Amino acid sequence: MFFPVRQILAAALFGAAALSFGLAQTPVVGSSNTATADPPVRHPNTTPCTVTLFSDFTFDDFSPRNFTYIPPANCPGPWAKVVLVADFNENAGRQFDRTAKMFLNGVNIYFGTTPEPRKTVAPTWHIERDLTDYSALFTQPQSGDIHLDNVVDSTYTGVIHGSAQLLFYPATFFSPAPHTADQVLALPTGATDSTYLNTPSNQLSQTVTLPTNVERAYLDVLAQGQSTDEFWYTCVPNADTATLQSCGSTAFRETEITIDGQPAGVAPVYPWIFTGGIDPYLWAPIPGVQTLNFVPYRVDLTPFAGLLSNGKPHTIALSVFNADSYFAVTANLLVFEDHGGKSVTGAVIENTLAAAPAPVIQDQGVSSSGGTVDTSNLRNYRISGWVNTSHGRIETTVEQNITFTNNQQFTISNTQYEQAIVQGTEISSRTITRDGWYVTEKHKKLSYPLSLAYNYTTNTDGSSQQVTTVQQGFHEHETLLLNGFPLYQSETSNAVNTADTLQFGANGSLTGTTDRSSSQKYFTRDSTGYCYSRELRSAAGLLTAVEDGKGCPKAWDGR
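Structure report, in brief. (Residues numbered from 1 in each chain as written. Predicted model: local features only at pLDDT ≥ 70, side-chain atom pairs only at ≥ 80, totals over all residues. Heavy atoms only, no water.)

### Observations concerning the sheet that holds strand β11 (residues 204–208)
- Within the open sheet, the 4 strands sit side by side as β11-β16-β13-β14. Their pairing is antiparallel. Of all the strands in the sheet, just β11 and β14 (262–268) have a single pairing partner and so form its edges. Strand-to-strand twist in this sheet, taken as the mean axis angle between neighbours without regard to direction, amounts to 20°.
- Pairing analysis gives 6 bridges linking strand β13 (residues 254–259) to strand β16 (residues 314–321), with the strands arranged antiparallel. Bridge pairing in β16 links I259 to I316. (Pairing = 2+ DSSP bridges. Helix = DSSP H or I, 4+ residues; strand = E, 2+ residues; numbered from the N terminus. Axes fitted to C-alpha atoms, helices over the stretch in contact; angles between N-to-C directions.)

Okay, here's the thing in structure tokens:
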């Protein structure tokens, strides 16, 4: 089955009683410090065993910082929960946003970016990531490293400091240990950093020989656009780049996964915007969606379990369609084994996923005065496979529909450059698992809306202004069914809206900002009774409001 029945029922019966529903630490109204509405990971109501990974590391150059992990003494697994917690701070000054990546034995356990400081703003920020699925990684001593490359000199003076811990919550009757992967493997093996893909033909590739009893497999994928590809959603066809003064290779990117050269899955790319993106004042004090803590996209490779169990080496590879220098990509392979047998047999019986189709491009009225560019792409595929295990035949079918649209309108003259973008990624997936009499279905819908308007105007006296507005979202709805009966449902919505006007003097120097405001609304709930809601608002770089509990019953919102 997709999940063992007893664990589904345990989650449904004990989930609400076993987990803490406390609110995230409340940001301070009137503060200019970095603030997010994101909730903390849900921690069990028990005392965790704590392992410090590193304490007060200083990041002031391009050298990775190494650390050693030792499993918690007198706290053996399996654990109910494993949570990474990290705290960072940066002195007031000047600094770019920086990318942070943390690895343990090559497995990525954190990926995100940093806030930018100001002359009078020294940001602090807190990170949490649920690593329970990676429990197998923590049973043995491991070496780890964190990459937070940072230039510090007479101009860029922001020095970053950070500490990180792992919290291990012992399993109890009310907080049972979930069924987690038997192996967690880094791709590529032994990696100490992400892989950089500059072109569509570049690959993150690893040949592995897995156990002969693989029952399920998943791939957690993170693909971050950098350099030219940092603003990939603003790009246009190569033929229009000079005329529209924009980047090329179109506005469509996706991460594509193959096994032995055969298409095996797709991971849509989320349009993360860093705190220095477009206009740094847009993102202080409230950064964009997931900017500080990226959420990986999980690709279900279970239909290939029979193939992966045949005792032969297999090559798993990732590439980014239309990559144009460059994407930082990392992936973790989660392998679940048949504990009742040493080998399974099986095969892929259907795979309609083909190589990436060329996106549909319509560029209308494109000239030196502007025009409209529409980019769209549609993915609709089905992959099925089966395995004969010690407890019977299991058949898994993964169906996915992905719709991508990007509309850009340009107005260009000697005194104006305007670019308005409306982009959407809609993902609808269904995983059907047949295990004897039991049929489980997991339905998931994801939406990545992005609207961005940028208008730079030059006045007759030589002064100028840049007006920018951004609306960015991440929406998820998930349902789990057993023989058609709904066992679990959840929904999450995370939206950031921000606007700012930069004023420049005739000499090009920044003279100030006006109309600066932003907000974030985060809402999540599930069928166990959990509900969390927080809304933040800011103006002129200061937090002006914090509202908790909107849309949640008070009994379930930490009150």
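Continuing now.
### Focus on the sheet that holds strand β1 (residues 49–59)
- Overall, antiparallel pairing links the 4 strands, which are arranged β1-β8-β3-β6 in an open sheet. The sheet is open, and its two borders are formed by β1 and β6 (124–130), each paired with just one other strand. Between one strand and the next, the sheet's axes are offset by a mean angle of 15°, whatever the strand orientation.
- The sheet contact formed by strand β3 (residues 79–90) and strand β8 (residues 160–170) spans 11 bridges and is antiparallel. Looking at β8, one finds that F88 is bridged to G162.

### Regarding the side chain of T302
- Assignment of secondary structure puts T302 in the loop between β15 (297–300) and α3 (305–308).
- Here D300 takes part through its side chain, which lies 2.7 Å from a polar atom of the side chain of T302.
- Once residues within four sequence positions are removed from consideration, T302 is found in contact with E215, R216, A217, Y218 and T396. (Polar contact = N/O pair within 3.5 Å; in protein donor to acceptor, adjacent residues only side chain to side chain. Contact = heavy atoms within 4.5 Å.)

### Concerning the layout of surface pockets
- Reported here for the second largest pocket is a volume of approximately 530 Å³.
- Forming the walls of the second largest pocket are 20 residues, and the residues nearest its centre are R94, Q95, E116, R118 and P280.
- Of the residues in the lining of the second largest pocket, the class split is 9 nonpolar, 5 polar and 6 charged. (1 Å grid on protein atoms, 1.4 Å probe; cavity = no way out; pocket = protein on both sides within 12 Å on 5 of 7 lines; lining within 4 Å. Points joined across faces, edges and corners; volume = space filled by probe spheres on them. Nonpolar A, V, L, I, M, F, W, Y, C, P; charged D, E, K, R; others polar.)

### Focus: the environment of I394
- Structurally, the position occupied by I394 is in strand β21 (residues 392–412).
- With 103 residues separating them along the chain, I394 and N497 place their C-alpha atoms 45 Å apart.

### A word on unusual backbone geometry
- Cis geometry marks the peptide bond from G77 to P78, where omega comes out at 5°.
- With an omega of 5°, the peptide bond running from S325 to Y326 counts as cis.
- Although it is not a glycine, I278 sits at a positive phi angle of roughly 70°.
- Position of I278 among the secondary structure elements: in the loop between β14 and β15.
- One non-glycine residue, N322, lies in positive phi territory at about 70°.
- With respect to the helices and strands, N322 occurs in the loop between β16 and β17 (327–337).

### Focus: the state of the cysteines
- Summed over the entire model, instances satisfying the criterion amount to 3 disulfides.
- Each sulfur in the disulfide pair C49 and C75 lies 2.2 Å from the other. Between C49 and C75, the S-S dihedral sits near 90°, and the bridge is therefore right-handed. Placement of C49 in strand β1 and of C75 in the loop between β2 (65–69) and β3 is noted, with a sequence separation of 26 residues between them.
- Put simply, C531 and C552 are joined by a disulfide, and their sulfur atoms are 1.9 Å apart. Where C531 bonds to C552 through sulfur, the torsion about that S-S bond is close to -75°, and the disulfide is left-handed. (Disulfide = S-S within 2.5 Å.)

### Quick notes on empty space enclosed by the protein
- In this structure the tally under the stated criterion is 6 cavities of 30 Å³ or more.
- Considering the residues around the largest cavity, the lining is formed by F252, R253, E254, P268, V269, N377, R379, I402, F404 and T425.
- Those elements that provide at least two residues to the lining of the largest cavity are β20 (370–389) and β21.
- Tallied by class, residues from the lining of the largest cavity come to 5 nonpolar, 2 polar and 3 charged.

### Quick notes on the pairing of strand β25 (residues 464–482)
- Here strand β23 (residues 438–447) runs beside β25; their pairing, made up of 8 bridges, is antiparallel. Residue K442 lies in a different strand from β25, and its bridge partner there is L480.
- The pairing of strand β24 (residues 450–458) with β25 spans 9 bridges and is antiparallel. Bridge assignment links L450 to a residue of β25, and that residue is Q472.
- In this structure, the hairpin formed by β24 and β25 is closed by a connection of 5 residues, where G462 is found at a positive phi of approximately 95°.
- The pairing of β25 with strand β26 (residues 485–504) spans 19 bridges and is antiparallel. Considered in β26, the bridge of E478 is made with S490.

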